[in-house]
Each structure stands twice: as structure tokens, then as C-alpha cells.
Amino acid sequence: MMAGARRPGRNFLFVPGPTNVPERILRAMHIAMEDHRSSDFPKLTLPLYEDLKRIFKTRDGQVVIFPSSGTGAWESALTNTRSPGDKMIAARFGQFSHLWIELARRHGLEVIVQEEEWGTGADPARIEEALRQDTAHEIKGVMVVHNETATGVTSDVAAVRRAIDAARHPALLYVDGVSSIASIDFRMDEWGVDLAITGSQKGLMLPAGLGIVCASQKGLAAMKDAKCARSYFDLADQIRANATGYFPYTPALPLLHGLRKALAMLSEEGLDNVFARHRRLAEGARAAVKAWGLKLCAKEPKWHSDTVTAIMVPHGFNGADVIDRAYRQYNLALGAGLSEMAGKLFRIGHLGDLNELMLLGAIAGAEMAMREVGIEVELGSGVAAAQAEFLGTSHAKETRIAAE
Ligand SMILES: Cc1ncc(COP(=O)(O)O)c(C=O)c1O
């Protein structure tokens, strides 16, 4: 379809971020600009920090909201707490863990990379071993991407914390929660996370444009000796201004109003229900993949992500063709294979403001697009398997009913 041509009906947005922005949030962002130094402004901002702390599940942590995407939050977490030459450990198992490592290196950090097969995640035993060997405590931090969006893999952050503790090592724990926080359970305090980051365009159901950092007390203490250059992303400037409800520079006003609404919606639904909904939807997507006879990129159930399903296309096919066909023919946006996974897979993002029927639409569209590029999946098989999953009935029973 030519750019600009009218495309009737709705766009099915199933990339794993940006996600659908609900009408209520769109309306909340549709505001006249206001004076961000007015005496009323803190009434909007101060409760945002308190409510975000509930999302991160922290009592003593400090939340800062930057006008940036998640990448800015990565940069802020590292530069505010580290000095050039500091050693870090990071597991690499996908494009986002890779990019975070590269960012750290550009700031002069020495990153010890633990390569893990793409489709798996961080290995707590390997991390523990490396920390045990570091008797001089030269390693200053462990970096983990909680949910690797590129491969649909969730790592066990609690197990990484146990590994650090078992090694009796003082390294800080840095966690990327861009595609997990507000969709998959995340427990800043319980898991002893020191720096957690996220962005606005996934579980928070907003457009991209807010980079959110949450620092533990230990994380904040590390700021004192950190020598990495920082200016725009300086946490101290923010914390000082935020204390009274203001910002060190002009904030992204509509996004803050949208965030106010998003946090209210998450609280209305209840965080546990939000996580359960994401689990249910993900199980529907995984049932569809199984019915298609295809494989997930995630190698084992313990790596399954509840926010994104990455589906390997059979040998001889290109995932990019499926994505292109789905987009042109059905106005369905699926996620691409990135870097090492380019062409080998396509991804269905199922996070944020989403329900069963929306996901069934994407599964139906993926089926048709696959058939059109020659992948022989049975039409309706994925849809039926996901329906059965949502109804809580077994796919085998449904097949039997159909045969009778
Ligand atoms: C896990 C993860 N980390 C980091 C990023 C980078 O965030 P942003 O694109 O908001 O800068 C993304 C983006 O999709 C992501 O999925």
C-alpha cells in the first residue's frame, strides 16, 4: 500500500512497544499547556512519584522521570552511579542486552560480557561464579535485562539477586524493566534491585517520551563517588527539583497527564490482575504457536515472556516477508527479528492495553500472512488453540468436538 493511502479500519498494533494508547489516556493528554512553575503544578507531579513507587514495588526507592525514551534511563542509571573504568558484568542474549552493554562501554565502563544463547537469559550460577572469583570486589555492578524484547525471554531477577548474595559480593544490581515493568511482576525491594529503569511506551500504555529510573538507597549512595560525565541525565538535579514537585527543565506536560491517567487505570484494574491478564494472553499466543507447529525463540518454558512472543519461521522462509505481508495486506504490525535474529523470526507483542479478542485478531492475521508467503500453517489452528486456552478448555477436546 502506498504511503498516505487511506487504510480503512483500525491498525492492529502488535509490536512490543509502542503499544496501544487507550482512549482515556489520549484524552488525558489532550490538554492546553500550563506553567510548569505554577503553585498548582506539584499537585500533578508529587503523586506520580508515589504511585510509580507502587509500580516498582519499592518503599525507600527514589523515582525520577526524564523526558526521554528508555535508552536515556539506561544512561542515567549508569552514569550517575559509576566511574569510567568500573567493571560490570552483563549477560548478552538479545539486541537490548547488547545495546545496553554498548552504551556502558561508550561511557568508559569495562563490561565483562557473559554470552548466553539467544533464546535463553541471564544465568545466575555463572554470575555467582564470576563474583566469587572477584575477591577484590572490582566488579561494581551486574546488569540484567529482565525481559529481552528481541527474543521474548524473561530472566529470573530474584535468582540473580540470590546469586549476588550467595557470593557475598557488594556489586549493585542494575535491571532493565522496559518491557516488563507494569506488565510482568517486578519487585524492586524484595529482589534488592539497586537501579531499575523503564520507558513509557510499553506496560504504561503511553507514547514513548518518558524514561523512568528508580534508585535504591544503595544506588543513591553510589552517586557520591560516581565520576561518569552527566548533565541532562543528572539524577541529583532532578531529585533536588522533584522534592517540591518541579523539574530542572521543561517537562513533557501531556505525557505527565497521560501518566497520571495510566497509573489510575493500572490501580483500577489492580496490578495483580494486570499481570494475570498478561500471563493469560501470553499463554494464548504460545498455544497458537504450538498449534502452528512452529517453535518459539525462547528455548524452554522457564524463559517464556508474558509480554512478547518471538516465533521462529521455518528454514527457507524470511520472517520479514511475514511482517511485510501482514502490514500491507491486513494493517497488522508485527515485530521484526533484530540483529542476529533478523529474518529468522517475527514477534507478537501482547502488552499494555490489550484483551483476548484483540490478540485473536493478530493471531488470525499472522496465520493469513504466513500462508500467503508459503508457510503451511493450518488456517484457524492458532486462533482455535488460543480460544481454547482463553476458555480454559483443552485444544484436544475442541478438536474432538469438531470431529464429532
Ligand atoms: C528491553 C528493552 N530495553 C531497552 C529498550 C530501549 O528503549 P527505548 O526504545 O525506549 O529507548 C527497549 C526498546 O524496545 C527494550 O525493549
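Small disclaimer: the values here were computed from a predicted structure and weren't measured.

Peer 1: Quick question: what am I supposed to make of the pairing of strand β14 (residues 345–349) here?
Peer 2: Across a regular strand the side chains alternate sides, sitting on one face of the sheet and then on the other. With five of its five residues buried, β14 lies for the most part within the structure. The two faces of β14 match: Leu345, Arg347 and Gly349 on one face and Phe346 and Ile348 on the other face are all buried. Strand direction decides the pairing type here: strand β12 (residues 308–312) and β14, joined by five bridges, are antiparallel. Residue pairing in the sheet places alanine 310 in a bridge with arginine 347 of β14. Note: strand β13 (residues 332–336) against β14, two bridges, orientation antiparallel. Each bridged residue has a counterpart across the sheet, and for alanine 336 the counterpart in β14 is phenylalanine 346.

Peer 1: Sorry, what's going on with the site of the ligand here?
Peer 2: Around the ligand, the surrounding shell consists of Gly17, Ser69, Gly70, Thr71, Phe96, Val145, Thr149, Asp176, Val178, Ser179, Gly199 and Ala208. Each residue belonging to the shell around the ligand can be placed in one class, and the counts come to four nonpolar, seven polar and one charged.

Peer 1: What should I look at first to understand the nonpolar core in this one?
Peer 2: Grouped together as the largest cluster of nonpolar side chains are 116 residues, with contacts concentrated most on Val142 and Val213. Top contributing element to this core by residue count: helix α10 (residues 271–292), with nine residues. Composition of this core by domain shows at least three residues from each of domain 1 (23–267) and domain 2 (271–403).

Peer 1: Before we go on, may I ask you to explain the domain arrangement of the protein in this structure?
Peer 2: Bring the parts together and some accessible area is lost; that lost area is often taken as the interface size. Per the domain assignment, the segments making up the protein are domain 1 (23–267) and domain 2 (271–403). Computed from C-alpha atoms alone, the centre-to-centre distance between domain 1 and domain 2 is 29 Å. Among the elements of the structure, α4 (95–106) and β7 (153–154) are those that each provide at least two residues to the side of domain 1 that touches domain 2. Looking at the side of domain 1 that touches domain 2 residue by residue, the classes come out as seven nonpolar, 14 polar and three charged.

Peer 1: In this structure, what is going on with the sheet that holds strand β11 (residues 295–296)? I would like to understand it.
Peer 2: In spatial order, the strands read β1-β13-β14-β12-β11; together these five strands make up an open sheet with mixed pairing. Two strands in the sheet have a free side with no partner beyond their single neighbour: β1 (12–14) and β11. Each of β1, β13 and β14 touches helix α12 (residues 356–372); the most contacted strand, β1, lies at about 90 degrees to it.

Peer 1: What is the right way to read the sheet that holds strand β10 (residues 211–215) from this model?
Peer 2: The sheet built from seven strands is open, its strands ordered β2-β10-β9-β8-β5-β3-β4 with mixed pairing. Sheet topology places β2 (62–66) and β4 (110–115) at the edges, where each strand pairs with a single neighbour. Taken pair by pair, the neighbouring strands of this sheet meet at an average axis angle of 20 degrees, ignoring direction. With five bridges connecting them, strand β5 (residues 139–145) and strand β8 (residues 172–176) associate as parallel partners. The residue bridging valine 145 from the neighbouring strand is aspartate 176, located in β8. Contacting β3 (87–92), β4, β5 and β8, α4 crosses the sheet at an angle of about 160 degrees to β3.

Peer 1: It is not clear to me how α10 should be interpreted in this structure. Could you clarify?
Peer 2: Quick reminder: α-helices carry 3.6 residues per turn. Residues three or four places apart thus point the same way. Helix length check: α10 (22 residues) gives 32 Å between terminal C-alpha atoms against 32 Å at 1.5 Å per residue, within 8%. Turning to α10, its buried residues are Val274, His278, Leu281, Ala282, Gly284, Ala285, Arg286, Ala287, Ala288, Val289, Ala291 and Trp292.

Peer 1: What's the story with unusual backbone geometry in this structure? I'm lost.
Peer 2: Negative phi characterises most residues that are not glycine, and trans characterises most peptide bonds. Backbone torsion omega between glycine 17 and proline 18 reads 5 degrees, so that peptide bond is classified as cis. By the element assignment, proline 18 lies in the loop between β1 and α1 (23–29). The backbone phi angle of histidine 137 is positive, close to 55 degrees, even though this residue is not glycine. Within the element layout of this structure, histidine 137 appears in the loop between α5 (124–133) and β5. For histidine 137, a count of 12 C-beta atoms within 10 Å corresponds to the exposed category. In this structure, alanine 182 takes a positive phi of about 80 degrees despite not being glycine. Tracing the backbone through its elements, the reader meets alanine 182 in the loop between β8 and β9 (195–199).

The rules behind each value
Residues numbered from 1 in each chain as written. Predicted model: local features only at pLDDT ≥ 70, side-chain atom pairs only at ≥ 80, totals over all residues. Buried ≥ 20, exposed ≤ 12 C-beta atoms within 10 Å, placed from the backbone. Helix = DSSP H or I, 4+ residues; strand = E, 2+ residues; numbered from the N terminus. Pairing = 2+ DSSP bridges. Near = placed C-beta within 6 Å. Nonpolar A, V, L, I, M, F, W, Y, C, P; charged D, E, K, R; others polar. Core = buried A, V, L, I, M, F, W, Y, C linked by C-beta atoms within 7 Å. Domains from an automatic or database assignment. Contact = placed C-beta atoms within 7 Å. Axes fitted to C-alpha atoms, helices over the stretch in contact; angles between N-to-C directions. Expected span 1.5 Å × (residues − 1).

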